[in-house]
Amino acid sequence: MIWFAQLLLLLLLVQENRTVVGATSNYLIGLGSYDITGPAADVNMMGYANMDQTASGVHFRLRARAFIVSEPQGNCILFVNLDACMASQLVTIKVLERLKTRYGDLYTDKNVAISGIHTHAGPGGYLQYVVYIVTSLGFVRQSFDALVDGIEQSIIQAHENLRPGSIFVNTGELLDAGVNRSPSAYLNNPTAERNKYKYDVDKEMTLLKFVDDEWGPVGSFNWFATHGTSMSRTNGLISGDNKGAAARFMEDWFDQTNAGSTFSKASESSEVPRRVSNIIPIVHEKHHELLELAASFKSSPGRPATKFMSMARRVRSALRLADRPRFVSAYCQTNCGDVSPNVLGAFCRDTGLPCDFNHSTCGGKNELCYGRGPGYPDEFESTRIIGERQFKKAVDLFNKASEQLAGKVDYRHTYLDFSKLEVTIPKQGGGTEVVKTCPAAMGFAFAAGTTDGPGAFDFKQGDSQGNAFWKLVRDLLKTPDKEQVDCQQPKPILLDTGEMKEPYDWAPSILPIQILRIGQLVILTVPGEFTTMSGRRLRDAVKAVLTSSTGQFNGNVHVVIAGLSNTYSQYITTFEEYEIQRYEGASTLFGPHTLSAYIQEFKKLATALASGQPVQQGPQPPDLLDKQISLLAPVVLDATPIGKKFGDVCKDVPKNSTFKRGDTVTVVFWSACPRNDLMTEGTFALVEVLQGKDAWIPVYDDDDFCLRFIWSRPSKFSARSQATLEWRIPETAAAGVYRIRHFGAAKSLLGSIKHFTGSSSAFVVA
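Conventions we followed
- Residues numbered from 1 in each chain as written.
- Predicted model: local features only at pLDDT ≥ 70, side-chain atom pairs only at ≥ 80, totals over all residues.
- Heavy atoms only, no water.
- UniProt positions renumbered as here; feature names shortened; annotations may be inferred.
- Domains from an automatic or database assignment.
- Contact = heavy atoms within 4.5 Å.
- Buried area = accessible area lost by both parts, 1.4 Å probe.
- Salt bridge = Lys/Arg side-chain N within 4 Å of Asp/Glu carboxyl O.
- Polar contact = N/O pair within 3.5 Å; in protein donor to acceptor, adjacent residues only side chain to side chain.
- Helix = DSSP H or I, 4+ residues; strand = E, 2+ residues; numbered from the N terminus.
- Nonpolar A, V, L, I, M, F, W, Y, C, P; charged D, E, K, R; others polar.
- Pairing = 2+ DSSP bridges.
- Axes fitted to C-alpha atoms, helices over the stretch in contact; angles between N-to-C directions.
- Disulfide = S-S within 2.5 Å.
- Buried < 20%, exposed > 50% of the residue type's maximum accessible area, 1.4 Å probe, protein only.
- Phe/Tyr/Trp six-rings, centres within 6.5 Å; stacked < 30°, edge-to-face > 60°.
- Lys NZ or Arg CZ within 6 Å of the ring centre and 35° of its normal.

The protein chain goes by Neutral ceramidase in an unreviewed UniProt entry, where it is assigned to Coffea canephora. Under Catalytic activity (unreviewed entry), UniProt gives the following word-for-word description of the protein chain: "an N-acylsphing-4-enine + H2O = sphing-4-enine + a fatty acid".

Here it is as structure tokens:
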């Protein structure tokens, strides 16, 4: 009878699991993910505004990750998280046009949000306003198309994956992944307000866990505030920075745990997960036998390849289960405006001493003041550490998530002209007064940069006066009038971008604001970077409106800010922080009352949401695609030295070489410009392991943290180029025989594109 008792217990457990996951589900959920890596050569990186920082390879790939939540017969919302610096109004417009064609009125600007993680290591040139594409030499169609195509594909996947499921929410503190990079501005906030908070940055992570009724967990999205600036302003490799890394770590961890069978192990492990552990064969040969086997595989000469060969060899596809949804994990951005991942603090490069507290300068100059990440001086290690810290906290919250979302799916959205909003604010001594926002303008401290990426010349943070020489330079472009100068006070105007219209608009004026609701979770999508305190004020204001509404939330509501969403308009500080005019204040475009305007208008949206009332659509933002100018030179021709072919090895591994875990294996190939084919959902680099005597199995590709694809040419206009593939052998790599392989595409003088591949000699990992 023991077997009968065991069977009965098993049936009870199955029934209990069905009750938790299935019977109580009240939503349809769907998730999707797609490659948005973009051009890996020649294109300026978006974020640091450093013209010398151009793409020259891939650290790991960028993705768009989407979730859809729908009531079975009612409203739905769609949220897309991008491994990109920020959302773009033009990208959003074109994605919505495609969704209109495909799905009619199901997905519109009202219920669709597109948010960026704020990596500063992705290709630029995809925004439509002049000031954001100057350093990229104008509009870059390849960057733009990669984003629009990838977002659309991620949404199609999410839509096709819609199935009954449940969503759980959890929150927790992560203490060591962000510090305030403008503490002198934060300290200008009222003492009583600061005393309400333990830290000068937000330490809370909010996580959603998506559970399919049939398949169990299928994804997670979380929001946590820290900048995507672990990678420096001189890095040339495309990278999702710390949040992109965390997303990859979590997706790989889930794959390794066989769709969630051993969740608890990851949060205790100090190792970043490696997706290929379950397909690397266990090798029993002795070392000398492995060497003999490796010696029989010399480097293969470059040879033609098909366009889809690199896609077929990608490692992730080898692990994907064909009969279940792919697990999607996204690390979203929130009010990160003054939050740096360089947690060791800011120091002077010449003296090693801390930078000046108020101005972040060294001897009066900003160029030498840099923040240090936890892996200093290795920016890749800093990226890994900050990513891993977010990953581990997310896994912990994922494992323990028990509060189920229940209630309406709803949304409110409007467009506002922030160049002339009237705002009612409290008046000193009692009562209220009406003030206005201003046309966009950037202050002198904007050009000083931050401790994450300092600017140049003699600009410095905390400058409320300006400089006579640079004012003369400014006036050559546009002299701000007295009304604008007075409106923006105490900001000294360096660039009057809101009033600069040639050859087309330099800065936005019409911005979207939006609230998305899933039960007791409310997402505030904002088109910029809120500082810590400005984000707190906005969340508190919205929460007060929602919790005071009769019967809507019963006092229980989670409010998160999704930063850099739908379009981009730089920073939003508090009034008090604006007065200090550090970088964030100088980059608060619409003047000192910008935050008050957001709070006023979000309270209106929240009131409409709570009462079930509609809101006005507002003025439409412009579509400037037809006005875009691009000065980036096209790829004309790829070439190799006489007697060499594309894909040939020009620097191989040493003969009869053996490497240990922790070593770096480097192979150099004759290559071609990566702009010829972005290898979307494919790879430029591959590590293969020998299975048996002649079967090569892919184990790492250019979407892995340990494998780097570095592209270079001897001079700017040279037709010759090389691809350097660097594999840092993980501690978890299995012993065996390996080789490194390169994929590329070359352009002929007549314009045809031919794909190629080549591989190194085999070597041993012992």
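Trainee: So what's going on with the domain arrangement of the protein chain? Which residues, and what values?
Mentor: One can read the domain layout of the protein chain as domain 1 (27–258 + 323–419 + 505–553 + 560–627) and domain 2 (634–765). With centres defined by C-alpha atoms, the gap from domain 1 to domain 2 works out at 33 Å. Listed as interface residues are 24 residues of domain 1 and, on the opposing side, 20 residues of domain 2. Here domain 1 meets domain 2 over a buried area of about 1,900 Å², counting both sides, of which 52% is carbon and sulfur. For the pair domain 1 and domain 2, the interface holds five salt bridges. Of the charged contacts in the structure, one is a salt bridge between Glu 681 and Arg 63, with a shortest N-O distance of 2.7 Å. If you look at where domain 1 meets domain 2, you find 13 residue pairs in polar contact (both at pLDDT 80 or more). Sorting the residues of the side of domain 1 that touches domain 2 by element identifies strand S1 (27–35), strand S2 (41–46), strand S3 (54–58), helix H3 (141–160), helix H6 (241–256) and helix H11 (379–400) as the ones contributing at least two each. By residue class, the composition of the side of domain 1 that touches domain 2 is eleven nonpolar, seven polar and six charged.

Trainee: Tell me about the sheet that holds strand S25 (residues 510–518), residues and numbers included.
Mentor: The mixed open sheet is built from four strands, whose spatial order is S18-S25-S26-S28. Taken across any chain shown, the strands that pair with only one partner, and hence form the sheet edges, are strand S18 (409–417) and strand S28 (558–562). Between one strand axis and the next, the sheet turns by 15° as a mean value, whatever way the strands run. When strand S26 (residues 521–525) meets S28, the two strands line up parallel, connected through five bridges. Of the residues in S28, the one forming a bridge with Leu 521 is His 558. In the packing of helix H17 (residues 594–611) onto the sheet, contacts are made with S18, S25 and S26, and the angle to S25 comes to roughly 40°.

Trainee: Break down the state of the cysteines for me, citing the residues and quoting the values.
Mentor: Per the counting criterion, the structure on display carries three disulfides. Covalent S-S linkage joins Cys 348 and Cys 362, the inter-sulfur distance amounting to 2.1 Å. Taking the torsion about the S-S bond as the criterion, the Cys 348 to Cys 362 disulfide, at about -100°, is left-handed. Here Cys 348 is found in strand S15 (residues 345–348), whereas its partner Cys 362 is found in the loop between S15 and strand S16 (369–372), with 14 residues between them in sequence. This pair shows no difference in class: Cys 348 is buried, exactly as Cys 362 is. Between the sulfur atoms of Cys 355 and its disulfide partner Cys 369 the distance amounts to 2.2 Å. In this structure, the disulfide formed by Cys 355 and Cys 369 twists by about 115° around the S-S bond and is classed as right-handed. One end of the pair, Cys 355, is in the loop between S15 and S16; the other, Cys 369, is in strand S16, and 14 residues separate them in sequence. For Cys 355, a relative accessible area of 12% corresponds to the buried category. The class for Cys 369 is buried, based on a relative accessible area of 1%. Along the protein chain, the cysteines that take part in disulfide bonds pair up as 1-3, 2-4, 5-6, counted in sequence order.

Trainee: Provide a residue-level description of the pattern of salt bridges, including the pertinent values.
Mentor: A full pass over the atoms with the stated rule returns 47 salt bridges. Here Lys 393 and Asp 396 are joined by a salt bridge, their closest N and O atoms 3.8 Å apart. Residue Lys 393 and its partner Asp 396 are both found in helix H11; the two are separated by three residues, about one turn of the helix. By relative accessible area, which is 18% here, Lys 393 ends up buried. Among the charged side chains, a salt-bridge network with shared partners connects Arg 63, Arg 65, Asp 83, Arg 248, Glu 251, Asp 252, Arg 314, Arg 316, Glu 681 and Asp 703.

Trainee: Tell me what's going on with the packing of aromatic side chains, and back it up with residues and numbers.
Mentor: A full pass over the atoms with the stated rule returns 34 aromatic pairs. Relative to Phe 705, the ring of Phe 60 lies with its centre 5.8 Å away and its plane at 35°, an arrangement referred to as tilted. Taken together, the residues Phe 60 in the loop between S3 and strand S4 (63–70) and Phe 705 in the loop between strand S34 (695–701) and strand S35 (707–712) connect sequence positions 645 residues apart. Summarising the aromatic geometry, the rings of Phe 459 and Trp 470 are spaced 5.0 Å apart at their centres and angled 35° between planes, so their arrangement reads as tilted. Highlighted residues: Phe 459 in the loop between strand S23 (453–454) and helix H12 (468–477) and Trp 470 in helix H12, separated in sequence by eleven residues. Residue classification places Phe 459 among the buried positions, given a relative accessible area of 6%. One aromatic cluster is present, built from ring pairs that chain together Phe 60, Phe 249, Trp 253, Phe 254, Phe 327, Phe 391, Phe 398 and Phe 705. Directly above the aromatic system of Tyr 376 lies the positively charged group of Arg 372, at a separation of 4.3 Å from the ring centroid. Sitting above the plane of the Phe 380 ring, Arg 708 keeps its charged end 3.6 Å from the centroid.

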